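Each chain, written out:
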Amino acid sequence: MDMMMTESQLTLRDAVRKFAEAELLPRYMHWDRSGEWLPKSFTDKLVEMGLLRLRMPEKLGGQGFSFVDCGIVCEEIGRCDPQIRYLISSAVHISEMSSEMHPDLQEEWLPRIANGEIMALAFTEPGGGTDAANIRTKASRDGDFFVINGEKTSVSFTGVASVIFVSARTGGPGPWGLSFFMVPADTPGIRTSNYERMGQRLTRGGSIFFDDVRVPARNMIGKENKGFVWAMTIIGYNRNFVALACIGAAQKSIDETAAYMKTREVLGQAVSKWQGAAHALAAEQTKLQAARLLCYNALALVDRGLRHDPESSMAKWYGVKVANEAIETCMRLHGHYGWSKDFPFEQRLRDCLGMESADGPREVHLGIISRDIFGKEFAPF
Ligand SMILES: Cc1cc2nc3c(=O)[nH]c(=O)nc-3n(C[C@H](O)[C@H](O)[C@H](O)COP(=O)(O)OP(=O)(O)OC[C@H]3O[C@@H](n4cnc5c(N)ncnc54)[C@H](O)[C@@H]3O)c2cc1C
């Protein structure tokens, strides 16, 4: 990617890398082991670095960063803690939504998210997440309000988010009966329960129950019954951020493993001198570089306002897959040390394996790519 980066992108990459090495890496295992939530003193550091304002309006300190720039930030953050990427994404999402938000909502929520509060995205339901168009949560109109009833699950930041961006049925079946709402997490009628995840422990998965939750009609984002395509479009770019955070974690693993292999001796010579071991790392580095280019290519399309669904699906499917493969290889090349909890590989693997499902499982992305190849009539879906 270096060859394609502008001078300002290289400066951005180096600044974020330095910040992540100093502030994120030393705490990465701590969040996982302790279960502690991010203290304000920590989120303040992200705020000071400008990482939650990348695409915010200018009056809130936004600097007009491109999607490719945001991808660079996600990759660098992912090197040291792929979970923190969620906060970056959350701030980009609300920035992208702002043009569809009532001015009162903009005024309240944009500064709050830019200052370190969290927005959860609640789409998945107990009946399934892949079929996001056929959800059961309902929002019924009552004068100037909507009343929301239903259950969402597997929602990251359950219990710690300040506001929830939730999908609900306001019309008939299918995608054209869906609308999207911003619901403050302390609205009466909202209950949450968390459950243990294998990884991504910092981001706290859980269920959110909506029992007669009344929200003003102005909290609807986008148009009634027309929210689906718009919401999926703005969230489509996120697939690249997800993949890049995992690619960052894998790249860090490769860098650490290369250093280790030069100093660890086996049968009288450095592990790196054994061709089988060196080639294993070389192959992972090659796949990772290919995945990285897929992501930045898709994000460049987003920046140009062009269609990018097959390209983003290629990036998500391939990027997450090869990142996990690379981390596993690095763990293996560290021998028994790699398997221990003193090294970060097991946590990186747990954290990045979850990204196989988040933002759509691989079958969905291969389906989107198939549709591009065969056309809708002959594709699996
Ligand atoms: C770490 C993590 C964070 C998450 N964060 C959020 C969040 O913040 N908000 C939120 O709403 N959700 C979140 N999710 C949920 C995620 O969006 C869902 O897991 C995802 O949409 C898939 O839904 P599901 O798990 O219900 O699987 P299902 O829809 O039940 O699918 C099960 C399996 O069936 C297969 N499958 C599905 N569709 C097809 C198909 N068309 N063809 C062939 N096979 C198929 C796949 O192997 C899939 O894994 C998160 C998940 C994880 C793991």
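Here, residues in each chain are numbered from 1, in the same order as that chain's written sequence. A pLDDT threshold of at least 70 governs which residues receive local features in this predicted model, and a stricter bar of 80 or more applies before side-chain atom pairs are shown or counted, although totals over entire chains, interfaces and linings include all residues. To get the side-chain values, take all heavy atoms of the structure and skip hydrogens and water.

What to know about the site of the ligand
Neighbouring the ligand are 20 residues, the closest being Leu-121, Phe-123, Thr-124, Gly-129 and Thr-130. Leu-121 has a polar backbone atom sitting 2.6 Å from a nitrogen atom of the ligand. Here an oxygen atom of the ligand and a backbone polar atom of Phe-123 are 2.8 Å apart. Coverage of the ligand by the protein amounts to 64% of the 980 Å² it exposes when considered alone. Lining residues are those with an atom within 4 Å of a point, where the points come from a 1 Å grid over the protein atoms alone and group into cavities, where a 1.4 Å probe fits but cannot get out, or pockets, open sets with protein on both sides within 12 Å along at least five of seven lines. Cavities and pockets are treated as containing a molecule whenever more than half of the molecule's atoms lie within 2 Å of their grid points. At a threshold of 2 Å from the grid points, most atoms of the ligand map onto the largest pocket. Residue polarity follows a fixed list, in which Ala, Val, Leu, Ile, Met, Phe, Trp, Tyr, Cys and Pro are nonpolar, Asp, Glu, Lys and Arg are charged, and the others, Gly among them, are polar. The class makeup of the residues in the shell around the ligand is nine nonpolar, nine polar and two charged. Segment limits for the domains were obtained from an automatic or database-derived domain assignment. Counting contributing residues per domain, the shell around the ligand is built from domain 2 (120-226) and domain 3 (237-374), each supplying no fewer than three. Being near a molecule or strand, for a residue, means having at least one of its heavy atoms within 4 Å of it. Residues adjacent in sequence count toward polar contacts only when both atoms are side-chain atoms; beyond that, a polar contact is any pair of N or O atoms within 3.5 Å, and within protein one must be able to donate a hydrogen and the other to accept it. For the accessible areas, the method is Shrake-Rupley and the probe is 1.4 Å, while residue cover comes only from the protein chains on display.

Let's talk about the layout of surface pockets
Grid points are joined across faces, edges and corners, and a volume is the space filled by probe spheres set on the points. Of the volumes computed, that of the largest pocket is approximately 1,700 Å³. Where the lining of the largest pocket is concerned, the elements lending two or more residues are helix H5 (85-97), strand E1 (119-122), helix H7 (227-236), helix H8 (238-263), helix H10 (309-333), helix H12 (345-353) and helix H13 (362-374). In terms of residue count, H7 provides more of the lining of the largest pocket than any other element does, six residues in total. Looking at the lining of the largest pocket residue by residue, the classes come out as 21 nonpolar, 19 polar and ten charged. Every helix listed is a DSSP run of H or I at least four residues long, and every strand listed is a run of E at least two residues long, numbered separately from the N terminus.

Considerations on unusual backbone geometry
Although it is not a glycine, Asp-212 adopts a positive phi angle of roughly 50°. Looking at the element boundaries, Asp-212 is found in strand E7 (residues 206-216). Here the phi dihedral of Asp-359 falls at roughly 60°; this positive angle occurs in a residue that is not glycine. Positionally, Asp-359 belongs in the loop between H12 and H13. Categorising residues by exposure relies on relative accessible area from a 1.4 Å probe, with only protein chains included: less than 20% of the type maximum marks a residue as buried, more than 50% marks it as exposed, and the intermediate range marks it as partly exposed. Assessed through its relative accessible area of 26%, Asp-359 is described here as partly exposed.

Section: the state of the cysteines
When the sulfur atoms of two cysteines come within 2.5 Å, that pair is taken as a disulfide. Counting across every chain of the model gives zero disulfides. No disulfide involves Cys-74; its sulfur sits 6.9 Å from the nearest other cysteine sulfur, which is in Cys-70. Taking relative accessible area as the criterion, Cys-74 reaches 0% and is therefore assigned buried.

Side note on the domain arrangement of the protein
Domains assigned within the protein are domain 1 (2-117), domain 2 (120-226) and domain 3 (237-374). The C-alpha-based centres of domain 1 and domain 2 are spaced at 24 Å. Buried area counts how much accessible surface, traced with a 1.4 Å probe, disappears from two parts once they are put together, with both parts' losses summed. In this assembly, domain 1 packs against domain 2 so that about 1,900 Å² is buried in total across both faces, 68% of it on carbon and sulfur atoms. Here Arg-218 makes a salt bridge to Asp-104, at a shortest N to O gap of 2.8 Å. Each residue belonging to the side of domain 1 that touches domain 2 can be placed in one class, and the counts come to twelve nonpolar, four polar and seven charged. Put simply, a salt bridge is a Lys or Arg side-chain nitrogen that is within 4 Å of an Asp or Glu carboxyl oxygen.

A look at the pairing of strand E4 (residues 163-169)
Residues in a regular strand project their side chains so that they alternate between the two faces of the sheet. Summarising burial for E4: seven of the seven residues are buried, a large majority. The alternating pattern of E4 places Val-163, Phe-165, Ser-167 and Arg-169 and Ile-164, Val-166 and Ala-168 on opposite faces, both of which are buried. For two strands to pair, DSSP has to find at least two bridges joining them. Pairing analysis gives four bridges linking E1 to E4, with the strands arranged parallel. Within the sheet, the bridge partner assigned to Leu-121 lies in E4 and is Phe-165. For E4 and strand E5 (residues 178-184), the ladder comprises seven bridges, and the chain directions are antiparallel. Bridge assignment links Ala-168 to a residue of E5, and that residue is Ser-179.

A short note on the nonpolar core
Working definition of a nonpolar core: buried Ala, Val, Leu, Ile, Met, Phe, Trp, Tyr and Cys residues. They are joined through side-chain atoms within 4.5 Å. Ranked by size, the top nonpolar core spans 111 residues in total, and within it Phe-165 and Phe-181 carry the most contacts. Per element, the largest residue contribution to this core is ten residues, and it comes from H8. It only takes one pair of heavy atoms within 4.5 Å for two residues to be counted as in contact. Leaving out residues up to four positions away in the same chain, Phe-165 has contacts with Met-97, Met-119, Ala-120, Leu-121, Ala-122, Phe-123, Phe-180, Phe-181, Met-182, Ile-221, Trp-230 and Ile-235.

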